[in-house]
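Below, each chain spelled out in residue letters.
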Amino acid sequence: MDWPIAEVARMSGVTARTLRHYDEIGLLPPARIGTNGHRYYEELQLLRLQQILVLRALGLGLPEIGRVLAEQVDEVEALRGHHRRLLAERDRLDALAGTVSRTIAELEQSRKDGRPMTVNRPENLFEGVTPAQYQESLRDFPEHAQAVARRVAEMSPHDVEAGQRERTAQMVRLAELMAAGHRVDAEPVQSEIDAQYRTLIALRTVTVDEYRAMGRSVVDNDAWRAAYEAIAPGLAAYQRDAIEVYATTRLN
């Protein structure tokens with residue numbers, strides 16, 4: 001039994017255009033192409049599509065998914081691996097829900113006590129957030145997003161968590177400098193920006209203009225801005241302005 005592309009799109013929620021793209025890049029060729037030029041899919045292709053969607057949900061990019069599928073030998077073992085990833089994702093979301101719940105409680109208590117939370121310092125503020133969430137913040141920088149996805153695919157869960165904690169620590173350190181009244185061109189601030197920039201270029205070359213654009217996206221991108229503002233109001237604009245100074249004084 002086979003199904004036409006329109007039916008597969010209806011069943012899976014994936015658009016026919018996306019399915020055609022998957023075929024064009026060799027990720028999901030159809031079982032056959034009819035005399036009418038339409039693509040038809042059999043059970044084997046539907047199983048592969050399921051795996052693609054699971055891996056996409058886990059934050060992998062299409063090149064990484066292609067490599068994962070190419071290395072698979074046994075379908076049952078592959079599905080077991082996907083199942084383990086889904087369970088890990090469930091645990092991650094549970095942890096994230098707990099983190100958000102604790103943050104809400106702290107904010108409510110601070111309002112009740114009449115004291116503003118200027119710099120949010122809990123080490124676990126972003127517990128449960130993986131680099132997959134940062135893909136949204138990098139939507140305007142597809143090459144860098146792919147580089148991040150490749151690095152994450154090679155990392156252990158422990159390394160992913162350690163990396164995320166360090167990113168959070170960088171944001172908190174910058175917030176403390178802002179709260180202490182340092183100008184964005186002050187040496188301690190520029191040292192923090194330098195460390196962030198070196199982390200970026202360890203993945204791939206980032207041009208001056210691209211780095212400036214990344215700085216602007218900290219404010220312009222809702223997901224990115226919310227992450228900064230959760231630590232300290234005004235931190236997103238402070239990061240953007242500090243990057244602009246760094247790009248002008250150290251990269252030009």
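Scroll up to find the structure this text is about.
This write-up is about the structure you can find in this document. (Residues numbered from 1 in each chain as written. Predicted model: local features only at pLDDT ≥ 70, side-chain atom pairs only at ≥ 80, totals over all residues. Heavy atoms only, no water.)

Helix and strand counts for the protein chain come out as 12 helices and 3 strands. When each of the 252 residues of the protein chain is scored for burial, the buried share is 37%. Within the protein chain, residue pairs in contact and separated by at least 24 positions form 63% of the contacts whose partners lie at least 6 positions apart. Counting only carbon and sulfur atoms, one obtains 54% of the accessible surface of the protein chain, whose full area is about 14,200 Å². (Helix = DSSP H or I, 4+ residues; strand = E, 2+ residues; numbered from the N terminus. Buried < 20%, exposed > 50% of the residue type's maximum accessible area, 1.4 Å probe, protein only. Contact = heavy atoms within 4.5 Å. Areas by Shrake-Rupley, 256 points an atom, 1.4 Å probe, with all protein chains shown as cover.)

To continue, consider the sheet that holds strand E3 (residues 39–41). On the basis of which strands lie adjacent, the open sheet formed by 3 strands has the order E1-E3-E2 and antiparallel pairing. The outermost strands of the open sheet, each flanked by one partner alone, are strand E1 (3–4) and strand E2 (32–33). Sheet analysis places E1 next to E3, joined by 2 bridges and oriented antiparallel. The partner of Pro4 across the bridge, within E3, is Tyr40. (Pairing = 2+ DSSP bridges.)

A few words on the pattern of salt bridges. In the structure shown here, the tally under the stated rule is 13 salt bridges. We note a salt bridge from Arg198 to Asp194, for which the minimum N-O separation is 3.0 Å. A residue pair is termed a helical-turn pair when its members lie 3 or 4 positions apart in one helix, as Arg198 and Asp194 do in helix H9 (residues 187–201) at 4 residues. The network of salt bridges with shared partners includes Glu143, Arg204 and Glu210. (Salt bridge = Lys/Arg side-chain N within 4 Å of Asp/Glu carboxyl O.)

This part is about helix H2 (residues 16–24). Because an α-helix packs 3.6 residues into every turn, residues spaced three or four apart end up facing the same way. Taken as a whole, H2 has its buried residues at Leu19, Tyr22 and Asp23. Buried positions in H2, seen along its axis, are confined to an arc of 100° and lie on one side of it. When the buried face of H2 is taken as reference, the exposed residues oriented beyond 90 degrees from it are Arg17 and Glu24. Once H2 finishes, Gly26 follows within two positions and takes phi at roughly 80°, a positive value. (Arc of directions from axis to C-beta.)

Ranked by size, the top nonpolar core spans 28 residues in total, and within it Val189, Ile193, Tyr211, Tyr228, Ile231, Leu235 and Tyr238 carry the most contacts. Counting residues per element, this core draws most heavily on helix H12 (residues 235–250), which supplies 6 residues. One finds Ile5, Leu19, Tyr22 and Leu58 within the second-largest nonpolar core, a separate group that totals 19 residues. (Core = buried A, V, L, I, M, F, W, Y, C linked by side-chain atoms within 4.5 Å.)

Two elements in contact, helix H11 (residues 222–229) and H12, have axes separated by 7 Å at closest approach and are oriented at 110°. As the angle between them shows, H11 and H12 are arranged roughly perpendicular. Residue-level contacts link Arg225, Tyr228 and Glu229 of H11 to Leu235, Ala236 and Gln239 of H12. When its residues are assigned to classes, the contact of H11 with H12 shows 3 nonpolar, 1 polar and 2 charged. (Axes fitted to C-alpha atoms, helices over the stretch in contact; angles between N-to-C directions. Parallel < 35°, antiparallel > 145°, perpendicular 65-115°, else oblique. Nonpolar A, V, L, I, M, F, W, Y, C, P; charged D, E, K, R; others polar.)

Tracing the backbone through its elements, the reader meets Gln45 in helix H3 (residues 43–57). Here the side chain of Gln45 touches Glu42 through a polar contact of 2.9 Å, landing on its backbone nitrogen. If we skip the residues at most four places from it in the chain, Gln45 touches Leu28, Pro29, Pro30 and Ala31. (Polar contact = N/O pair within 3.5 Å; in protein donor to acceptor, adjacent residues only side chain to side chain.)

Spanning 15 residues, H3 covers 21 Å between terminal C-alpha atoms, matching the ideal 21 Å at 1.5 Å per step. Those residues of H3 that sit buried are Gln45, Leu49, Gln51, Ile52, Val54 and Leu55. (Expected span 1.5 Å × (residues − 1).)

Right, let's get into the environment of Tyr197. Its place among the elements puts Tyr197 in helix H9. Assessed through its relative accessible area of 10%, Tyr197 is described here as buried. With 14 residues separating them along the chain, Tyr197 and Tyr211 place their C-alpha atoms 8.2 Å apart. If sequence neighbours within four positions are ignored, Tyr197 has contacts with Val206, Tyr211, Tyr246 and Leu251.

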